[in-house]
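Below are the chains, spelled out letter by letter.
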Amino acid sequence: MKPRKNTKRVPSFRKLLKTSKVKIENKLKNKQYKQQSTAKKYRKEQRKLRQAVKDAAAKTPVPLEDYKKRQPEREEEEEALPLDMMDEDDLKLMEELAQKASFITRDLSSSEPVHAKKRKHESVIEKYEKMPRRMQTEPEKELIHLLPIKDKRGIIPQTMEKPVVEEEEDEESEVETVAALVTQAAEEPLPVLTTEELLVHRRQKLQEKKTHIAALASAILADPENNIKKLKELRSMLMEQDPNVAVIVRKLVMISLMEIFKDITPSYKIRPLTETEKNTKVRKETQKLREFEEGLVSQYRFFLENLEQTVKDWKQRKLKKSNVISLKAYKGLAEVAVKCLCELLVSLPHFNFHNNIIVLIVPLMNDASKQISEMCCDAVKNLFKQDKLGVASIGVVKVISGLVKSRNYDVRPEVLMTLLHLRIKEVEVKKDAEDIAPKKRFMSYKEKRKNLSRMQRKWKKAEEKLERELLEVEASESTEKKLKLHTEILNIVFLTYFRILKKAQKSPLLPAVLEGLAKFAHLINLEFFDDLLVVLHSLIMSEVLSHRESLHCVLSAFYILSGQGDVLNIDPLKFYTHIYKTLFKLHAGATNDDVAIVLQCLDVMFMRRRKQVSQQRALAFLKRLSTLALHVLPNSTISILATNRTLMHTDLLLDNESQGSGLYLPALEEPEYCNAQNTALWELHVLRRHYHPVVRKFADHLVAGAPSEGSGALGPELSRRLPTELFEAYSMKGMTFNPQIASVTPRKKGEILRGESFLNEDLRELVQTELGKAAVQGALDFAKHLKASVS
């Protein structure tokens, strides 16, 4: 039996404030010591009592003089020795001996020795006194332990018998109530509802639940600080047990709570109070705000735990004991839970438990369900796009890197594609001597007092104040923090990319890695350039990559060489050759979208490296791109012609005269040796008759020599736009034509065009004269001219 718990009330907060800290500690120590000593004594008394009961129950007490008369074994002996034959003296002697307890007169059936008291500490009388004074047939009475009494001898426990309720009466009453219910049910049968009535009943109940949810949500939003306890009531509806409306009610409650938290959550992170802050006396408004924040954080944590448990139950295909919701319905609940988590991830990146949401969402990006995977990937992309500083992004990047490594690179490519939406444009690089120099330090008060006069100190103080304000305006601290975070994020991203390039080159993640390298290559450290270019070239030459992947390899290599790689003396001729060789793999079919990557490659190859490109190489690409413009869709043709416009520095290919020796070799895969200067751009004359008006404008412009002024010049809407922008502007993905085709004026309903309206005036007159002639009577012979020719 456990000791009774202490039911004394804890002193209030105001009472604790009035007493000193030392006094409170002494009171607590005395209280703990008293509780320990009381419990110790109570356990000792109980142990003694149990031992006494155990000893008394083990042995039966033996009375002092309980002589059992032994039955005579042989009647013959009794008859043989009658008392009449004994003398009176002998009889008296026997009676005297019988009064004394001896070995002869003792009951031999008992195993207890006669002199047990001398050999044992406890006497038979003491054992007998310790026996419970009750009959074996009596039921044991339960005791209620009361508060003990303390006197000089110690603590005396007090007990009271628990009032016993007769079980027979209870059983009889229960039987009577059950019988009454059965008879009542037999007399009044349950009404059988039709399907329509069940639907109406369900609709009414669902409407009641919706009204209740709306009332609670409105009250919370109207006054969050005073109605914060209603969040618990609303959250309790997540455990709706009515099987008819449980699924819909739980979904509505999830979405309602998510919207409520998005509205009432403050724009800062709530931290737990320290012991010093808890013991400090504050104003009523501050205390009320603290209680609100504490309640908000706890309810938010419970809500996230409910969402997590819903997703886990669906993943484990685990049903609850109540079986209120079927296994199929759990998928819908899990989708709503994941949607709520995604919304909270994007909307509340500053609030508590954001890292816990990240740990839940990132593994679901690799989920087998496509809908949940896309939902989580979109949420992470939106988080990356809106996170300018990088505080929230660094947590997501770390978890993604750990996920890819733990799954042994067996994840969806979409997981790594989300990293392309990181907003990283600059990172920390090795600083110059000027940057490494220590910043200007403000003079201390002692230095001012020692070196400056009173007037100089006054001017110095105003100057330092102005400098501090300027530093706050520039926000130099936030810029340094941003660069530091971006550098750390990019290090984790490149670590993941390099692991895949080294250990999983045949993984489906390779395209995403190459695309990521192409985007962030200008931020890679200069020390990795040589090794990375060797790896990229080996991947291209292995011919394992697809056309799109090889284009990403080339784009990554040129981005590396166009940034910090300018200081390296490397001629990427092999990458130029690969692009030149694979241009004709593009066409108006599935590979038309790859033209966007080719345009980026051409921009880096010829615009940013204009001084390193020879004339022969530029003419070869100009001729091949003009030929390619005949085989692709209009948006690709426009963007290719815009690229050719930047490459046409001379009118060399607009004449038929050959320059130098040799013939043009279009099948040769080396742009330097194909003799492109000996050909002409005859493709432009074909494109001048193209069905797209913008293509015709560009073709006329290039045939005229790409002038910047005059009749052959382009308008500003075309000349000032980049090729990649033109590619997107004139895209035909939506099955639309840009510019739009002029609509035909609709014909009136009652107006019918006759056949004569389509004829020429001369032809109409000829038809009228022929119709005015008299009709030929008789049968027509269509073979008349054949018979005349035969005869």
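Look above for the structure.
Residues numbered from 1 in each chain as written. Predicted model: local features only at pLDDT ≥ 70, side-chain atom pairs only at ≥ 80, totals over all residues. Heavy atoms only, no water.

Asks: Describe the overall build of the protein chain, with residues and values.
Replies: Within the protein chain one finds 34 helices and two strands. Within the protein chain, the fraction of its 791 residues that count as buried is 31%. Sequence separation of at least 24 residues holds for 70% of the intrachain contacts in the protein chain that already meet a minimum separation of 6. Of the roughly 56,100 Å² of accessible surface on the protein chain, 54% is carried by carbon and sulfur atoms. (Helix = DSSP H or I, 4+ residues; strand = E, 2+ residues; numbered from the N terminus. Buried < 20%, exposed > 50% of the residue type's maximum accessible area, 1.4 Å probe, protein only. Contact = heavy atoms within 4.5 Å. Areas by Shrake-Rupley, 256 points an atom, 1.4 Å probe, with all protein chains shown as cover.)

Asks: Quick rundown of the environment of arginine 617? Include the residues and the values.
Replies: Here arginine 617 lies in helix H27 (residues 615–628). Here arginine 617 falls in the buried class, since its relative accessible area comes to 5%. Spatially, the C-alpha atom of arginine 617 lies 9.6 Å from that of threonine 577, the residues being 40 residues apart in sequence. Leaving out residues up to four positions away in the same chain, arginine 617 has contacts with Asp571, Leu573, Tyr576, Gln612, Pro671 and Glu672.

Asks: Describe the nonpolar core, and please don't skip the residues or the numbers.
Replies: Of all hydrophobic cores here, the largest spans 161 residues; its most connected members are Leu231, Leu234, Leu296, Leu419, Leu422, Phe621 and Phe698. Ranked by residue count, the leading element in this core is helix H13 (residues 327–347), at 13 residues. Sequence-distant contacts of leucine 296, defined by excluding residues within four places in its chain, comprise Ile228, Leu231, Phe261, Ile264, Thr265, Pro266, Ile270 and Phe351. (Core = buried A, V, L, I, M, F, W, Y, C linked by side-chain atoms within 4.5 Å.)

Asks: I'd love a proper account of the pairing of strand E2 (residues 155–161), names of residues and values included.
Replies: Note that strand E1 (residues 143–150) and E2 share six bridges and pair antiparallel. Each residue of the ladder has a partner; that of histidine 145, found in E2, is threonine 159. Linking two consecutive strands that pair antiparallel, namely E1 and E2, is a turn of four residues; a positive phi of about 140° is found at glycine 154 within it. (Pairing = 2+ DSSP bridges.)

Asks: Mind laying out unusual backbone geometry, listing which residues take part and the relevant values?
Replies: With phi around 65°, phenylalanine 353 is a residue other than glycine that occupies positive phi space. Residue placement: phenylalanine 353 occurs in the loop between H13 and helix H14 (354–364). Residues other than glycine seldom take positive phi values, yet asparagine 675 does so here, at roughly 60°. Looking at the element boundaries, asparagine 675 is found in the loop between helix H28 (634–647) and helix H29 (683–687).

Asks: How would you explain the pattern of salt bridges if you had to name every residue and give the values?
Replies: Counted according to the given criterion, the structure contains 13 salt bridges. One salt bridge in this structure joins aspartate 242 and lysine 205, with 2.8 Å as the shortest N-O distance. Of this pair, aspartate 242 sits in the loop between helix H9 (230–236) and helix H10 (246–264) while lysine 205 sits in helix H8 (residues 195–222); the two residues are 37 residues apart in sequence, bridging distant segments of the chain. For aspartate 242, a relative accessible area of 14% corresponds to the buried category. We classify lysine 205 as partly exposed; its relative accessible area is 25%. Lysine 623 is the salt-bridge partner of glutamate 683, the closest N and O atoms lying 2.9 Å from each other. Placement of the pair is glutamate 683 in helix H29 and lysine 623 in helix H27, with a sequence separation of 60 residues. (Salt bridge = Lys/Arg side-chain N within 4 Å of Asp/Glu carboxyl O.)

Asks: Break down a positive patch on the surface for me, citing the residues and quoting the values.
Replies: Among the surface-exposed residues, Lys40, Arg43, Lys44, Arg47, Lys48 and Arg50 lie close enough to one another that they form a single positively charged patch. As for its position among the elements, lysine 48 is in helix H2 (residues 21–58). By relative accessible area, lysine 48 is classed as exposed at 53%. (Patch = residues over 30% accessible without salt bridge, like charges linked within 9 Å, V, L, I, M, F, W, Y side chains within 5 Å. Lys, Arg positive; Asp, Glu negative; His and termini not counted. Charge placed at Lys NZ, Arg CZ, Asp CG, Glu CD.)

Asks: An account of the packing of helix H23 (residues 529–541) against helix H24 (residues 547–562) is requested, with residue identities and associated values reported.
Replies: Helix-helix packing: each pair is described by the crossing angle between the helix axes and the interaxial distance. The contact between H23 and H24 brings their axes to 10 Å, and the two run at 160°. Relative to H24, the element H23 is oriented roughly antiparallel. As H23 packs across H24, the resulting crossing turns out to be left-handed. In this structure, H23 contributes Phe529, Leu532, Leu533, Leu536, Leu539 and Ile540 to the contact, and H24 contributes Ser550, Cys553, Val554, Ser556, Ala557, Ile560 and Leu561. In terms of residue class, the contact of H23 with H24 is built from 11 nonpolar, two polar and no charged. (Axes fitted to C-alpha atoms, helices over the stretch in contact; angles between N-to-C directions. Parallel < 35°, antiparallel > 145°, perpendicular 65-115°, else oblique. Left-handed = near helix turned anticlockwise from the far one by under 90°. Nonpolar A, V, L, I, M, F, W, Y, C, P; charged D, E, K, R; others polar.)

Asks: Can you lay out a nonpolar patch on the surface for me, pointing to particular residues and giving the numbers?
Replies: On the surface, a cluster of nonpolar side chains totalling about 370 Å² of accessible area is made up of Leu763, Leu766, Val767 and Leu771. Here leucine 763 is to be found in helix H33 (residues 761–772). Since its relative accessible area comes to 41%, leucine 763 is described here as partly exposed.

Asks: I'd like a rundown of helix H12 (residues 284–315), residues and numbers included.
Replies: The end-to-end C-alpha distance of H12, which contains 32 residues, comes to 47 Å, matching closely the 46 Å that a straight helix rising 1.5 Å per residue would cover. Of the residues trailing H12, arginine 317 is marked for its positive phi of about 50°. (Expected span 1.5 Å × (residues − 1).)

Asks: Summarise the packing of helix H26 (residues 595–607) against H27; cite the residues concerned and give the values.
Replies: It is at 12 Å that the axes of H26 and H27 come closest, and there the two elements cross at 155°. With respect to H27, the axis of H26 lies roughly antiparallel. The two elements H26 and H27 meet at a crossing, and its hand is left-handed. Contact with H26, carried on its side by Leu602, Met605 and Phe606, involves Ala618, Phe621 and Leu625 of H27 and no other residues of that element.

Asks: If you had to explain the packing of aromatic side chains to someone new, which residues and values would you point to?
Replies: Within this structure, the stated rule accounts for 11 aromatic pairs. Here tyrosine 580 and phenylalanine 621 contribute two aromatic rings whose centre-to-centre distance is 5.4 Å and whose plane-to-plane angle is 70°, an arrangement assigned as edge-to-face. On the criterion of sequence distance, the pair formed by tyrosine 580 in helix H25 (residues 573–582) and phenylalanine 621 in helix H27 is long-range, its members being 41 residues apart. For the pair tyrosine 580 and phenylalanine 621, one class covers both residues: buried. What links up through ring pairs into an aromatic cluster is the set Phe558, Phe575, Tyr576, Tyr580, Phe606 and Phe621. Its guanidinium or amino end placed over the ring of tyrosine 580, arginine 624 lies 3.9 Å from that ring's centre, counting from NZ or CZ. (Phe/Tyr/Trp six-rings, centres within 6.5 Å; stacked < 30°, edge-to-face > 60°. Lys NZ or Arg CZ within 6 Å of the ring centre and 35° of its normal.)

Asks: Any details on the environment of arginine 317? Residues and values, ideally.
Replies: Position of arginine 317 among the secondary structure elements: in the loop between H12 and H13. For arginine 317, a relative accessible area of 51% translates into the label exposed.

Asks: Requested: an account of the environment of leucine 231, with residues and values cited.
Replies: Looking at where leucine 231 falls in the secondary structure, it is placed in helix H9. Looking at leucine 231, the relative accessible area reads 1%, which means it is buried. When the C-alpha positions of leucine 231 and tyrosine 300 are compared, they lie 9.2 Å apart, and in sequence the two are 69 residues distant. Once residues lying within four places of it in the same chain are set aside, the contact partners of leucine 231 are Ile220, Leu257, Ile260, Phe261, Ile264, Leu296 and Gln299.

Asks: So what's going on with the state of the cysteines? Residues and values would help.
Replies: What makes a disulfide is a covalent bond joining the sulfur atoms belonging to two cysteines. Counted according to the given criterion, the structure contains zero disulfides. Between cysteine 377, a cysteine without a disulfide, and cysteine 376, which holds the nearest cysteine sulfur, the sulfur-to-sulfur distance is 7.0 Å. (Disulfide = S-S within 2.5 Å.)

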